[in-house]
Amino acid sequence: MSTPTGFMEYSRQLPADRDPAERIKDWEEFHKHMSEEELRTQGARCMDCGTPYCHTGIDMAGGTSGCPVNNLIPEWNNLIYRGLWREALERLHKTNNFPEFTGRICPAPCEGSCTVGLIGQPVTIKTIEQAIIDKGFEEGWVVPNPPEKRTGKRVAVVGSGPAGLAAAAQLNKAGHSVTVYERADRIGGLLMYGIPSMKLDKSVVQRRVDLLAAEGIQFITNTEIGKDIPAQQLVDDYDAVVLCGGATKPREFNIEGSDLNGVHYAMTYLNGTIKSFLDSGLADGNYISAEGKDVIVIGGGDTGSDCVATALRHGCASVTQFGTHEKAPLERDPINNPWPQFPNVYTLDYAQEEAKAVFGSDPREFSIMTTKFVGDDEGNLQELHTVQIQRMVDETGRKIYQPIPGTERVFKAQMALIAIGFDGPEQTITEQLGLETDRRSNVKARKGKYNTNVDKVFAAGDMRRGQSLVVWAINEGREAAREVDKYLMGSTVLV
């Protein structure tokens, strides 16, 4: 605990953001930074709450409550308050391999379950987390730390997203020789391709990748397991294989007109822009541009919001974001959404804030469903037809969406971006190795063990649990590494 009355003496403060109308002119991160004194004051708001739910990390009512990697939040809040930054960094790295990622892109379920939030505004946990790791790099405290000795065991990790990188980092720490395979041309998975640079600057990702390489991890890019290398070859060549390929199969959206020119899946759109920006600053033109177009984004989640922000930077004529969910209330519902559940309240994400600055209003349409796409004689998208919906419960107890008669509308659009989630991992490796899957096509590997039905093969992250948060992926990569270490050595040195 920092100070017994800090949460009463000081108000919650967040770092200022760059002006929305200005930041859409570039691809730089949009957050500014707080001073050390301001951060110290925010750390002082952490209270002696007895049972700190902020670091519990549990699934609750369809959402996450607390930190999935079980960050020692009260400890490093106290250390920041006392000005002990290096000690705070040590505490942070005990549980989280990549706080520079989570401090930028995690939705902060820790703050939603902060005890101070019961009677006021929660502690500014996420901002403090990012500040700790950023200072660690600035001061030169974060340096390569290769293992003192090697075990002689070889492990292959498939996929270099947050789960794969976390698993590789931990297994390398245990002394195993780790090789990470990535099918893209750069390491990082969705951290590199998928999350736009204004949320996570790619130099931040590359900095960590370079550090892991200096610690002895081998990275192989442009290599798709199951295509360029048979999956069985990895099983034959290595002592263990960890599958962290993600849930990258897009959920199909097969309605009338979905094959028209101008209808694209969100990740195709985002990945192309990010790659072109990294390759040439967009000069090569190898991306789908929204310039001058009326854009509809179908999907109300983070990926949809990233599409909104990207379209604005392309120079779209307009942008609208569709969501099937209802507009959230301004305050937490104490009956249906009680603490410590993640608060479902109305907020403007960075992308919606930018759209409002450009076009004058929140770009979102709530409780809406697209019924068909309409194109011109040349097969180019021209319109989206929609209907308002209400959520109902059918006779079996399933939640369904019921169209409301008389609420049909037509939206002008030359581009539609489908951001409705994913249907699990691609099945190439699964089929080649004969891996068992669950009803959602995820690789079946028991939580806490992570081993599959095939000897030597483990699975973690979205490939095991389905589409989820980056922080859950890091959690799974760390836990899977522990189990692989036990499998290889009979016990584990990892925590």
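Residues numbered from 1 in each chain as written. Predicted model: local features only at pLDDT ≥ 70, side-chain atom pairs only at ≥ 80, totals over all residues. Heavy atoms only, no water.

As recorded in an unreviewed UniProt entry, the protein chain goes by the name Glutamate synthase (NADPH/NADH) small chain, listed as coming from Paenibacillus favisporus. The UniProt entry for the protein chain carries this comment under Pathway (unreviewed entry): "Amino-acid biosynthesis." (UniProt positions renumbered as here; feature names shortened; annotations may be inferred.)

Novice: Would you mind showing me how to read the packing of helix α13 (residues 302-314) against helix α14 (residues 350-359) here?
Specialist: Angle between the axes and distance between the axes: these two values describe a pair of packed helices. At a minimum axis separation of 8 Å, α13 and α14 run at an interaxial angle of 40°. Between α13 and α14, the crossing angle belongs to the class labelled oblique. For the pair α13 and α14, the crossing hand works out as left-handed. Contacts from Ser305, Asp306, Val308, Ala309, Leu312 and Arg313 in α13 reach Tyr350, Ala351, Gln352, Glu354, Ala355, Val358 and Phe359 in α14. For the contact of α13 with α14, the per-class residue count stands at eight nonpolar, two polar and three charged. (Axes fitted to C-alpha atoms, helices over the stretch in contact; angles between N-to-C directions. Helix = DSSP H or I, 4+ residues; strand = E, 2+ residues; numbered from the N terminus. Parallel < 35°, antiparallel > 145°, perpendicular 65-115°, else oblique. Left-handed = near helix turned anticlockwise from the far one by under 90°. Contact = heavy atoms within 4.5 Å. Nonpolar A, V, L, I, M, F, W, Y, C, P; charged D, E, K, R; others polar.)

Novice: Honestly, the domain arrangement of the protein chain in this entry has me stumped. Any pointers?
Specialist: By convention, interface size is frequently given as the accessible area that disappears when the constituent parts associate. Partitioning the protein chain into domains gives domain 1 (4-137), domain 2 (152-246 + 422-487) and domain 3 (251-416). For domain 1 and domain 2, the distance between their C-alpha centres works out to 27 Å. With 26 residues of domain 1 in contact, the opposing surface of domain 2 contributes 25 residues. For the pairing of domain 1 and domain 2, the buried interface totals around 2300 Å² over both sides, and the portion due to carbon and sulfur atoms is 67%. Its largest share of buried area at the contact with domain 2, domain 1 owes to Phe98, Phe101 and Ile105, together 28% of the area lost on that side. At the junction of domain 1 and domain 2, the tally comes to two salt bridges. The salt bridge partner of Arg208 is Glu100, with a shortest N-O separation of 2.6 Å. Our count for the domain 1 to domain 2 interface comes out at twelve residue pairs in polar contact (both at pLDDT 80 or more). At the level of secondary structure, the elements contributing two or more residues to the side of domain 1 that touches domain 2 comprise α5 (85-95), α6 (99-105) and α8 (125-138). The greatest single-element share of the side of domain 1 that touches domain 2, amounting to six residues, is contributed by α6. A breakdown of the residues in the side of domain 1 that touches domain 2 according to their chemical character gives twelve nonpolar, seven polar and seven charged. (Domains from an automatic or database assignment. Buried area = accessible area lost by both parts, 1.4 Å probe. Salt bridge = Lys/Arg side-chain N within 4 Å of Asp/Glu carboxyl O. Polar contact = N/O pair within 3.5 Å; in protein donor to acceptor, adjacent residues only side chain to side chain.)

Novice: I'm lost on the UniProt feature "domain: Dihydroprymidine dehydrogenase" (unreviewed entry) in the protein chain in this one. Help?
Specialist: Taking the numbering used here, the UniProt-annotated feature "domain: Dihydroprymidine dehydrogenase" (unreviewed entry) corresponds to residues 23-140. Along residues 23-140, the helical share is 46% and the strand share 5%, with 29 Å between the first and last C-alpha atoms.

Novice: Before we go on, may I ask you to explain the sheet that holds strand β9 (residues 318-322) in this structure?
Specialist: Strands in a sheet are paired, the pairing made by backbone hydrogen bonds, and the direction either parallel or antiparallel. One open sheet accounts for five strands, arranged β7-β15-β8-β9-β10; its pairing is parallel. Since the sheet does not close on itself, it has two edges, and those belong to β7 (263-265) and β10 (364-365), each with one partner. Where strand β8 (residues 294-298) meets strand β15 (residues 415-418), four bridges bridge the pair, whose relative direction is parallel. Residue pairing across strands places Val297 opposite Leu417, the latter belonging to β15. Against the sheet, helix α12 (residues 266-280) touches β7 and β15, its axis set at about 75° to β7. (Pairing = 2+ DSSP bridges.)

Novice: Looking at this structure, how should I read the nonpolar core?
Specialist: Generally speaking, nonpolar side chains in soluble globular proteins are found buried as a group. Membership of the largest hydrophobic core comes to 74 residues, with the highest contact counts inside it found for Ile132 and Leu191. Here this core gets eight residues from one element, more than from any other, and that element is helix α17 (residues 470-489). Counting contributing residues per domain, this core is built from domain 1 (4-137) and domain 2 (152-246 + 422-487), each supplying no fewer than three. For Ile132, the contacting residues outside a window of four places in its chain are Trp76, Ile80, Trp85, Ala88, Leu89 and Leu92. Formed by 24 residues, the second largest nonpolar core is a distinct cluster that contains Phe30, Met198, Ala311 and Leu417. (Core = buried A, V, L, I, M, F, W, Y, C linked by side-chain atoms within 4.5 Å. Buried < 20%, exposed > 50% of the residue type's maximum accessible area, 1.4 Å probe, protein only.)

Novice: I would appreciate a short explanation of the UniProt feature "domain: FAD/NAD(P)-binding" (unreviewed entry) in the protein chain in the present structure.
Specialist: Residues annotated by UniProt as "domain: FAD/NAD(P)-binding" (unreviewed entry) correspond here to residues 154-477. The straight-line gap between the two end C-alpha atoms of residues 154-477 is 17 Å; of that span, 27% is helix and 21% is strand.

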